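Each chain, letter by letter, is given below.
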4 protein chains.
Amino acid sequence: MSTPPQKTPLYRKIADELANRIASGEFIADRSLPSEFELAAQYQVSRGTIRQTFSHLRATGVVTSRQGTRREAVPG
Amino acid sequence: MSTPPQKTPLYRKIADELANRIASGEFIADRSLPSEFELAAQYQVSRGTIRQTFSHLRATGVVTSRQGTRREAVPG
Amino acid sequence: MSTPPQKTPLYRKIADELANRIASGEFIADRSLPSEFELAAQYQVSRGTIRQTFSHLRATGVVTSRQGTRREAVPG
Amino acid sequence: MSTPPQKTPLYRKIADELANRIASGEFIADRSLPSEFELAAQYQVSRGTIRQTFSHLRATGVVTSRQGTRREAVPG
DNA sequence: GTGGTCTAGACCACC
DNA sequence: GTGGTCTAGACCACC
């Protein structure tokens, strides 16, 4: 009945790490997060992977997004 | 066989709403429309989005525009 | 009786030049044009100005565009 | 043969004052000047007057301007 | 004081 | 990795 072991996808690892960085208060000054471009460079991945990361973080209520402005960490 | 539903962009929704307001006679007094600035405030969007809205309305023959004066509704 | 000369905007000059490059067969291999980013670099303008350029070229039937792919020159 | 005394126009007074502020190094950090809007508020005049001011300062080589970016003081 | 042009940059939808 | 949409802001041309 147990599911076979799943390899954690890269976007999930990055999402967890970003969630930790947010929780630790790294972006507390103005809550606005690095851009897709900056994060892609930081984590050495494509922008598509970063977008998957944010899709997950948005779905779990960790960040909000709006076209034209940077994503922001949800307080609390 | 049918094409999937397309997400309607904001400028299109505003264009449709403005076209309805024009058709309902809201600007009938002198035909001159609110300024870009006023509409941006009314719809809580940027001036750029209002300009995309008017680009569409001009292309469909609903309004005319001239530098230095307010846009006007085309009669009929 | 003649209208005074109008200052030609930058996006119009670029549109005319691109139309000439297309007519001269520069992009004949696969008809696909340089990206917005490349053209912005070539002409030393912002992406917004290149988009205005293409808006004009699309309106005059010189190019076609589709999300996710490069714009193409219309044959003939 | 002497011309009658001329009242110095407001835009000229502001131009002279701004030229002095520039010469004194007030905008030396990045050379970019306050916006039309800010200067209109500072000097309690209309934006049209500020534009006349800059027209004069550009003609006399004190500032440069380019659409989309702030005016800048010319070094030296 | 309006619309027109332009900058610089972001995220979104689609390939 | 492209074009599409959107933000926020500037100066320009014309009224």
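Residues numbered from 1 in each chain as written. Chains lettered and ligands numbered in written order. Predicted model: local features only at pLDDT ≥ 70, side-chain atom pairs only at ≥ 80, totals over all residues. Heavy atoms only, no water.

The next subject is the protein's contact with DNA strand F. Close to DNA strand F lie 43 residues, the nearest being A:Arg51, B:Leu10, B:Thr49, C:Arg47 and C:Gln67. Taking the atoms of DNA strand F that fall within 4 Å of the protein, sugar and phosphate contribute 67% of them. B:Arg47 places a polar side-chain atom, nitrogen or oxygen, 3.0 Å from a base nitrogen of DNA strand F. Between DNA strand F and the protein, one listed contact pairs a phosphate oxygen with a side-chain N or O atom of D:Arg71 at 2.8 Å. (Near = heavy atom within 4 Å. Polar contact = N/O pair within 3.5 Å; in protein donor to acceptor, adjacent residues only side chain to side chain.)

All names here are of chain B. If you look at the biggest cluster of nonpolar residues, it comprises 16 residues, and the most contacted ones within it are Leu18, Ile22, Leu33, Ile50, Phe54, Leu57 and Val63. Mapped by element, the contributors of at least two residues to this core are helix H1 (10–23), helix H2 (36–43) and helix H3 (47–59). In terms of residues, this core owes the most to one element, H1, which gives four residues. (Core = buried A, V, L, I, M, F, W, Y, C linked by side-chain atoms within 4.5 Å. Buried < 20%, exposed > 50% of the residue type's maximum accessible area, 1.4 Å probe, protein only. Helix = DSSP H or I, 4+ residues; strand = E, 2+ residues; numbered from the N terminus.)

Another point: the protein's contact with DNA strand E. In the neighbourhood of DNA strand E, 43 residues make up the surrounding shell, with B:Arg47, B:Arg71, C:Leu10, C:Thr49 and D:Arg51 lying closest. Restricting attention to atoms of DNA strand E within 4 Å of the protein, one finds that 67% of them are sugar or phosphate atoms. Here a phosphate oxygen of DNA strand E and a side-chain polar atom of A:Arg71 are 2.8 Å apart. Contact distances for DNA strand E include 3.3 Å between a base oxygen and a backbone N or O atom of B:Gly68. Mapped onto the surface near DNA strand E, the elements with two or more residues apiece are helix H3 (47–59) of chain A, H3 of chain B, helix H1 (10–23) and helix H3 (47–59) of chain C together with helix H3 (47–59) of chain D.

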